[in-house]
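# Coordinate inspection notes
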Amino acid sequence: MTVTRALFGLLVLLACLNVVLFGNNLELGRKRKLGDGCYHVFLDVGSNIGVHSRFLFEPSKYPDAKTGRRLFNEHFGDEESRDNRDICSFAFEPNPVHVTRHRELSEAYSKKGWRYVFIPAGVSDRDGNLTFYHQGGEKEEQSEEWGFGMTEYRRGKGTAVNIPVVRLAQWLKDEIKDRKMPSRVHGDRDMPPKVVMKMDVESAEYAVLPDLAYTGVACELVDFIFGEFHGVDVKYEDTGLELSHEVSRDKLRATVEFLNSVRECKTTLVEEDDEAYLHDGVPFPTKCHLGRCD
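Conventions adopted
- Residues numbered from 1 in each chain as written.
- Predicted model: local features only at pLDDT ≥ 70, side-chain atom pairs only at ≥ 80, totals over all residues.
- Heavy atoms only, no water.
- Pairing = 2+ DSSP bridges.
- Helix = DSSP H or I, 4+ residues; strand = E, 2+ residues; numbered from the N terminus.
- Axes fitted to C-alpha atoms, helices over the stretch in contact; angles between N-to-C directions.
- Disulfide = S-S within 2.5 Å.
- Buried < 20%, exposed > 50% of the residue type's maximum accessible area, 1.4 Å probe, protein only.
- Phe/Tyr/Trp six-rings, centres within 6.5 Å; stacked < 30°, edge-to-face > 60°.

Time to look at the sheet that holds strand β5 (residues 128-134). Strand order in the open sheet formed by three strands is β4-β6-β5, and the pairing between neighbours is mixed. Every interior strand has two partners, whereas the edge strands, β4 (122-124) and β5, have only one. For this sheet, the mean inter-axis angle between neighbouring strands, taken without regard to orientation, is 50°. Note that β4 and strand β6 (residues 159-167) share three bridges and pair parallel.

If you want it as structure tokens, here you go:
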């Protein structure tokens, strides 16, 4: 009897620990998702040095980021009512030149209770590794290597590097779909949870957006996508398929039309971006109170 009671007590203790550590809504054995605990999600896909997340988390410091601030106000709530503790930002950036900057930003935000997750990878319609190019030249050096991508714009003058890529559609299913909502919302409780994506991936959109659309992932999970589309000739390294920029643009326009017109699709997609504050130039926050930092 004593052994049975001790065993029962141990099982009760383990069950309690499971509730405390993993929450009532997480079944035993469920893999933790990166999106767990995120009320709102911002996906900065092709983040360069991460200024869009700064427009979102610290809007008052970026008065000239009018487009970015307007879009964030429309989809996450106005700047006065939202609270950064309700938002998680996931920054996908393949350029190794920017790794240190992202890690420093992530560390600074973490100290303030803000979730900024840096993912040092490119995106595609499949997992693997692909060739990216540092374009070289004075213009690129002065523009934070905006042109880093899978297209070598200056033929024969770029520097090739092998970069890991993730299938974005699958990543969203694995890490964002069915994420565990936080037990408390700090900001506007009337604003429903949103998933917003900025995409600027230097022609990888011709693979990524159709995959997001035709797998149904965008329509199911992503409320709003904004970004820049690039009119370039596209060659798929893994299959050898080549598309002229006219054909690739037509393909992309068909995808955009699909996303914006299908009644059952929640996603709205616009070709709009904010390229203010190229070099940022704003110091990281140092003081914080109730989710707001100086």
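Evaluation of the coordinates by the stated rule reveals two disulfides. Each disulfide pairs two cysteine sulfurs, and for Cys 219 the partner residue is Cys 265, the sulfurs being separated by 2.2 Å. In this structure the cystine formed by Cys 219 and Cys 265 twists about its S-S bond by roughly -90°; its chirality is therefore left-handed. Note that Cys 219 is positioned in helix α8 (residues 217-221) and Cys 265 in the loop between α9 (245-261) and β11 (268-270), a separation of 46 residues in sequence. Neither residue differs from the other here; Cys 219 and Cys 265 are each classed as buried.

Per the stated rule, a full pass over the model turns up 14 aromatic pairs. Geometrically, the ring pair formed by Phe 57 and Tyr 109 is edge-to-face, given 5.2 Å between the ring centres and 70° between the ring planes. Separated by 52 residues along the polypeptide, Phe 57 in helix α2 (residues 51-57) and Tyr 109 in helix α4 (residues 99-111) bring together distant segments of the chain. We note that Phe 57, like Tyr 109, is buried.

Moving on, we come to unusual backbone geometry. In this structure, Asp 178 takes a positive phi of about 55° despite not being glycine. Examined against the element boundaries, Asp 178 turns out to sit in the loop between α6 (168-175) and β7 (195-199). Residue Asp 178 is classed as exposed on the basis of its relative accessible area, which comes to 60%. Residues other than glycine seldom take positive phi values, yet Asp 280 does so here, at roughly 60°. With respect to the helices, strands and loops of the structure, Asp 280 is situated in the loop between β11 and β12 (288-289).

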